[in-house]
Amino acid sequence: MHALEELFPASDFTLLAFIVLLPLLGAVVNGVFGKRLGRDAVTLMGLGSVFVSFLFAVVTFAMLHHQGGEGSEAESAKLVWRGWEWMRLSLHGAGSVSLWVSLSVDALSGTMALVVTGIGFLIHLYSSKYMEEDPGYHRFFTYLNLFIFSMLVLILGDSLPVLFVGWEGVGLCSYLLIGFWFGEEKNAAAGKKAFITNRIGDFGLLVAMGLLVYYCGALDWSGIEGARDNLLTPVQIWPLGDHVPLANILPNAWGVALNTPRTATAATLVGLFLFLGAAGKSAQLPLYVWLPDAMAGPTPVSALIHAATMVTAGIYLVCRTSAIFVLSPAAMFVVALIGGLTAVWAAIIAFAQNDIKKVLAYSTVSQLGYMFLGVGVGAFSAGFFHVLTHAFFKACMFLGAGSVIHAMHARIHDTDASQDMRNMGGLRKYLPYTFLTFAASWAAIIGVPGTSGFFSKDEILLKAYTSYISTPLRVQDSFEWPKWGGSVLYGLGLAGAVMTAFYMTRLFIGTFFGEFKGWDIVKKWKEPAHGHGGPQDHDEKLEGPAPHESPWQMWVPLAILGTLALFGGFLNAGALEVIGVKMTPLEHFLEPVFKTASTSVRVIDGAEHMLGSFLGLALAAVLVGAGGAYYVYVMTKGEFARVFTEKFPGFHQFVFDKLRVDEFYEETVIGAVDSLAEFGAWADKWIVDGIIAKLSSFIVRGSGSLLRQLQTGRIQAYGAVMVVGLGSVGWFLVAPHANAQVVANQADGAYSVTATPGLGYSYRWDENGDGKPDSAEFGDKASVSFNLDIDKTRTVSLEVKNAFGQVATRKFELTRPKPDKSGLTTIDVTQGANGQLPGTPRPSQPGRPSAPPILPGAQLPAGHPAIRQGE
């Protein structure tokens, strides 16, 4: 170990770069040369790169634990590899933020790296047999390796921007893998749905990064935690401007209420935007709809995305930024409440599904809700522990479902029929390894005592009732954790636990017990010449061979994961405290990571005495759920379920249609976008192309046609045009123009109007404004002068005659204004964030905006607003 520490020092731990880049190397080699290498070489490259990355992750984990020696300081170790400066963001008046391509690992990310590479390798091994006949074999392993690379960048990135690169990478890979069989429209649509839905969440993560740069001046984990107190700054979130215009027409009380400023801390805004990103990636309400459709991809993809990697990225983000979240009890309560609601919502939908992968998909959504419920109440170690245990049992269940589907393909090759539980049953006799491992995972997910799911999920339920987030003392008028919060959150979690036990037992019984319903098994059966069966009607009976167990490449990963599902709970067996045994090594290992966040977590009085009672309630939930399913589907052989669906067909269809959330989105959000797109297409066709483009082209074409009439090429025509042009200019110069310059002294009231001279000009004035000229004849008098009293107006008329006897006339109406004796200072009044109206004096008096003051002796141009002119 000492030699390794010298080779890879903690401040320059280059082994992290190897962990990340090895899967990328596998993706590049298989992507570029895969067709030429052949299947064996592709398999070796795909599996070998991930396996070596896993070995390096194990070494890193061991060094991480060993770095600080023994005792409480050992777990606070952090290993860093700093690459190069990526970019520098300049902040207005506040320096700059330097972004580095750097990786780091601590207890949280080190544990996560083991899960990603370890379970990722098992899924790669499983895929080598499951996908061996697929023509896109090398392309599939390219995407798998690229997915592992992106997930490692996400969890090992030392800053939010580096994490975001991996975040987008897993989003891209999910699109490629879900739509892997893009030849079918529904598969391609599922990939696009996952990609677009996740972009909504990504918007929230981008906004959160912008806020963190503004308030903390940092985006790396250490910098954010060091400046997190800046996030307690209050921010006005309503109204968006100075006031709400609608308030002017509402009754006074309503208008005042509507205009009352609303504030929230920057921590609340950052937390909610971070959770928006997490909800998109981890499929929480209302952005969960992409994950069930992700079943369109190959089954190993479902295990990879739904178990240990992409969908847990949102939980990892909340855990990684826990020091920010705990500053806002409001954001934490939203996280916990959305998690509890999602757990129940998805469980309801799972009740009526018949597709084995769809049931597991909604189970994943529900279990992710439990994880958010845990981290939302401040039980970060418990929530993250459920990430681990869920990775064990859910990866095993998805791969087990793939093994079942693999067996069903012996006679039924239609995708929907081979995944329909109504075509299964009795498979425990034919698939013993799959059955045993699936049984272990089933026991774990419903929470059978002693299994991993029992220790992780039931600890979350306990903390949901007993834990809450306190309000920082230095924050005034902030959100307080509601007194009923613990009861509601625990009630949602317990209801979800009962429903999980029911629908997972239904799936387990329907798949492995009873009589096999796929086809009539015939000994020494030979496949007919016309090939495999296609889509099957449930009333049509086929003949075929007995289903067979999967090859070792598929059942060995199942055995490893099934064992972890059974015994992995002892990594954090907090429930054993009820018998006086404390076994929580994972919690102890993660304690330094959540040390800052834990200072804001409180527990209710008497929580230390509730463990036994809550374990009893958890056991009751398992018995009620699993016992109810056993009664319905074994003792009554499904008769109770059949009667219920016949009695309430509308309700059953509503649940079977996934509560019609997709249809709701189709009619609202997607419909609005489609309508906007249709309007844009119409506007482009008729306004842009039809009016702007065609009208402008018509004007140009018409102008060209007119000009072509003048461009004859004849010198006589050009000469005539020149003569006409010269004549027009000459006419303008010869014609008289009654222009004048006004000079005004408003202080004394002295005004003068001086006519502009011209060739052969003579003038005649009406100085007193009586409508009659002062003289009958035109003369050489070019100006008039007079005095005006205050607030008096006079109209002066000027007639100008040129040498040809042509006359032009113009009138000038002059007004002497009243002097401004107020001497007051202009004060600007604006409504502040506290609702008061402070006033700010202007530094100088700008004068009247419509008519600037006229200084004594100033010359007024003809267009000055103090002069009204007319012909």
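Chains are numbered independently. Their residues run from 1 in the order of the written sequence. Given that the model is predicted, a residue must reach a pLDDT of at least 70 before its local features are reported, and side-chain atom pairs must reach 80 or more before they are shown or counted; all residues, however, enter totals for whole chains, interfaces and linings. Hydrogens and water molecules were not included; the side-chain quantities draw on all heavy atoms of the structure.

> I keep staring at the overall build of the chain and nothing clicks. Help me out?
Check the secondary structure of the chain and you find 30 helices and 18 strands. Here the C-alpha atoms of the chain give a radius of gyration of 40 Å, more than 25% beyond the 29 Å that 2.2 N^0.38 yields for 871 residues. By principal-axis analysis of the C-alpha atoms, the chain measures approximately 130 × 75 × 70 Å. In this analysis, two residues are considered to be in contact whenever any of their non-hydrogen atoms come within 4.5 Å of each other. Residue pairs in contact within the chain that sit at least 24 positions apart in sequence constitute 75% of those at least 6 positions apart. Carbon together with sulfur atoms contributes 63% to the accessible area of the chain, which is approximately 41000 Å² in total. One finds the centroid of the 60 positive side-chain charges in the chain at a distance of 5 Å from the centroid of its 68 negative side-chain charges. Strands are runs of DSSP state E lasting at least 2 residues, helices are runs of H or I lasting at least 4, and numbering of each runs from the N terminus. This radius of gyration counts C-alpha atoms alone. The globule rule is 2.2 Å times how many residues there are, raised to the power 0.38. To measure how exposed things are, a 1.4 Å probe is used in the Shrake-Rupley method; for residues, cover is taken only from the protein chains shown. In summary, the charge assignment counts Lys and Arg as positive and Asp and Glu as negative, without counting His or the chain termini. To locate a charge, take NZ of a lysine, CZ of an arginine, CG of an aspartate or CD of a glutamate.

> Could you clarify how one ought to interpret the pairing of strand β11 (residues 762–766) in this entry?
Note on strand geometry: in a regular strand, side chains alternate between the two faces of the sheet. Here β11 lies mainly inside the structure; five of its five residues are buried. DSSP calls a pair of strands paired once it identifies at least 2 bridges connecting them. Summarising the sheet, β11 and strand β13 (residues 793–801) pair through five bridges and their orientation is antiparallel. From the neighbouring strand, R764 faces β13, where its bridge partner is E799. Relative accessible area decides the class of each residue, using a 1.4 Å probe on protein chains only: under 20% of the type maximum gives buried, over 50% gives exposed, and in between gives partly exposed.

> Explanation requested: the pattern of salt bridges in the structure shown.
Pairs can form between side chains of opposite charge once their charged atoms are near each other. Any Lys or Arg side-chain nitrogen found within 4 Å of a carboxyl oxygen on Asp or Glu counts as a salt bridge. In total, this model carries 17 salt bridges according to the counting rule given. With its nearest N and O atoms 2.8 Å apart, the salt bridge here joins K193 to D293. With a gap of 100 residues between them, K193 in helix α7 (residues 185–216) and D293 in helix α11 (residues 290–293) connect regions that are remote in the sequence. Assessed through its relative accessible area of 21%, K193 is described here as partly exposed.

> Please explain the packing of aromatic side chains as it appears in this structure.
How two aromatic rings sit relative to each other is given by the distance of their centres and the angle of their planes. Each aromatic pair joins two rings of Phe, Tyr and Trp (for Trp, the six-membered one) with centres within 6.5 Å, and gets the label stacked for planes under 30 degrees apart, edge-to-face for over 60, and tilted for any other angle. What the rule picks out here adds up to 43 aromatic pairs. Note on F508 and F513: the rings are 5.5 Å apart at their centroids and 75° apart in plane angle, and the pair reads as edge-to-face. By relative accessible area, F513 is classed as partly exposed at 29%. On the numbers, 5.1 Å between centres and 50° between planes, the contact of F644 with F648 is tilted.

> How should unusual backbone geometry be read in this particular structure?
Comment: phi is negative for the bulk of residues other than glycine, and the bulk of peptide bonds are trans. Residue P239 is reached from W238 by a cis peptide bond, and omega for that bond is -5°. Note the cis peptide between L285 and P286, where omega equals 0°. Relative to the helices and strands, P286 resides in the loop between α10 (266–281) and α11. Although it is not a glycine, A283 sits at a positive phi angle of roughly 55°. Residue position: A283 is located in the loop between α10 and α11. Its identity as a non-glycine residue notwithstanding, D791 has a phi of 65°, on the positive side. With respect to the helices, strands and loops of the structure, D791 is situated in the loop between β12 (783–787) and β13.

> Teacher, can you tell me more about a negative patch on the surface here?
Together, E663, E666, E667, D674 and E678 give the surface a local cluster of negative charge. Looking at the negative patch, the elements with two or more residues in it are α28 (661–667) and α29 (669–710). By residue number, the principal contributor to the negative patch is α28, which donates three residues. With respect to the helices and strands, the residue E678 is situated in helix α29. Taking relative accessible area as the criterion, E678 reaches 57% and is therefore assigned exposed. Patch membership requires more than 30% relative accessible area and the absence of a salt bridge. Residues of like charge join within 9 Å; the nonpolar side chains Val, Leu, Ile, Met, Phe, Trp and Tyr join within 5 Å.

> Looking at this model, I keep getting lost on the packing of helix α17 (residues 380–408) against helix α20 (residues 452–466). Mind explaining?
Packed helix pairs are specified by the crossing angle of their axes together with the interaxial distance, meaning the distance between the axes. Orientation of α17 relative to α20, taken along the N-to-C sense of each, is 150°, at an axis distance of 9 Å. Relative to α20, the element α17 lies roughly antiparallel. Relative to α20, α17 is oriented so that their crossing is left-handed. Facing A382, G383, F385, H386, T389 and F393 of α17, the residues of α20 in contact are S452, G453, F455, S456, K457, E459 and I460. Side-chain classes follow a simple rule in which Ala, Val, Leu, Ile, Met, Phe, Trp, Tyr, Cys and Pro form the nonpolar group, Asp, Glu, Lys and Arg form the charged group, and the remainder, Gly included, forms the polar group. A breakdown of the residues in the contact of α17 with α20 according to their chemical character gives five nonpolar, six polar and two charged. Under this scheme, a helix contributes an axis fitted over its contacting stretch, all axes are lines through C-alpha atoms, and angles between N-to-C directions fall in the 0 to 180 degree range. For classification purposes, an angle smaller than 35 degrees is called roughly parallel, one larger than 145 roughly antiparallel, one from 65 to 115 roughly perpendicular, and anything else oblique. Less than a right angle of anticlockwise turn of the near helix away from the far helix marks a crossing as left-handed, whereas a clockwise turn marks it as right-handed.

Fair warning: the whole summary comes from geometry, so function is off the table for now.
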